[in-house]
Amino acid sequence: MRVASRAEGSAGEARRASGLSAHILPTSATMIGVCLTALYISLLSPFSAGRVVVDKLLAVDALVFLVSAVLSFASMRVHDGGSRFEAWGENVFIGALGLLALGALVLAFAVN
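Just so you know, the residues in each chain are numbered from 1, in the order the chain's sequence is written. Per-residue local features are limited, in this predicted model, to residues with pLDDT of at least 70; the limit for side-chain atom pairs, both in listing and counting, is 80 or more; totals at the level of whole chains, interfaces and linings are taken over all residues. As a rule here, side-chain values come from all non-hydrogen atoms in the structure, and water together with hydrogens is ignored.

**Some thoughts on helix H4 (residues 82-110)**
Thought 1: For the purposes of this entry, the term helix denotes a DSSP run of H or I that reaches at least four residues, the term strand denotes a run of E that reaches at least two, and both are numbered from the N terminus. Expected span of a helix, by definition, is 1.5 Å for each gap between consecutive residues, and there is one gap fewer than residues. Helix length check: H4 (29 residues) gives 41 Å between terminal C-alpha atoms against 42 Å at 1.5 Å per residue, within 8%.
Thought 2: Looking only at H4, the buried set comprises Gly-82, Phe-85, Glu-86, Gly-89, Phe-93, Ala-96, Leu-100 and Gly-103. Relative accessibility thresholds used throughout: buried, under 20% of the residue-type maximum; exposed, over 50%; partly exposed, between the two (1.4 Å probe, protein chains only).

**Some thoughts on the side chain of Arg-51**
Thought 1: Following the sequence through the fold, Arg-51 ends up in helix H3 (residues 49-77).
Thought 2: With a relative accessible area of 15%, Arg-51 lands in the buried category.

**What to know about the pattern of salt bridges**
Thought 1: Salt bridges are defined by distance alone: a side-chain nitrogen of Lys or Arg within 4 Å of a carboxyl oxygen of Asp or Glu. Applying the stated criterion across every chain, the model contains one salt bridge.
Thought 2: The partner of Arg-51 in a salt bridge is Asp-55, and the shortest N-O contact between them spans 3.4 Å. Here Arg-51 pairs with Asp-55, and both are found in helix H3, just four residues apart, close to one helical turn. In this structure, Arg-51 and Asp-55 share a single accessibility class: buried.

**Comments concerning the side chain of Ser-75**
Thought 1: Looking at where Ser-75 falls in the secondary structure, it is placed in helix H3.
Thought 2: Residues adjacent in sequence count toward polar contacts only when both atoms are side-chain atoms; beyond that, a polar contact is any pair of N or O atoms within 3.5 Å, and within protein one must be able to donate a hydrogen and the other to accept it. Looking at Ser-75, its side chain comes within polar contact range of the main-chain oxygen of Ser-72, at 2.7 Å.

**Considering the confidence of the model for the protein chain**
Thought 1: The score called pLDDT rates the predictor's confidence residue by residue, from a low of 0 to a high of 100. Predicted confidence across the protein chain gives a mean pLDDT of 83, with 82% of residues reaching 70 or more.
Thought 2: Helix H1 (residues 2-18) is the least confidently modelled element of the protein chain, averaging 49 in pLDDT, while H3 averages 92, the highest of any element.
Thought 3: Only heavy atoms matter for contacts: two residues are in contact if any of them lie within 4.5 Å across the pair. Across residues 1-7 the pLDDT falls below 50, and counting only partners more than four positions away or on other chains, this stretch makes zero contacts in the model.
Thought 4: For residues 14-18, every residue scores under 50 in pLDDT, and the model assigns this stretch nine contacts once sequence neighbours within four places are set aside.

**Some points on the packing of aromatic side chains**
Thought 1: Side-chain rings of Phe, Tyr and Trp (the six-membered ring for Trp) are treated as a pair once their centres are within 6.5 Å; stacked means planes under 30 degrees apart, edge-to-face means over 60, and tilted covers the remaining angles. Per the counting criterion, the structure on display carries two aromatic pairs.
Thought 2: Residues Phe-65 and Phe-93 carry aromatic rings whose centres are separated by 5.7 Å and whose planes lie at 65 degrees to one another, so their mutual orientation is edge-to-face. You can see Phe-65 sitting in helix H3 and its partner Phe-93 sitting in helix H4, a full 28 residues away along the chain. No difference in accessibility class separates Phe-65 from Phe-93, as the two residues are buried.

Here it is, written out as structure tokens:
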């Protein structure tokens, strides 16, 4: 019984050491900066309906990356259920990347 609990503890520590949360957190923070930079660059272009859509997409995407960062941080801090937060953070991160790709696509067609 005692050996099993040590093995489970070691597995939990190994999961935290090699988990995706350690990668998702700094990458999400970087992607928030990317979204804000692109948002401010788009403000240099003339006002148009396409620019408004891009601005809103990038602002929402920055918030989605923030949620991903918070979930990955929570997964590293919480002892029980950390893997659940990590899975949610990973899924939100993938969704945010898709939203960023959509924003890039709209930006590409909005530029005259």
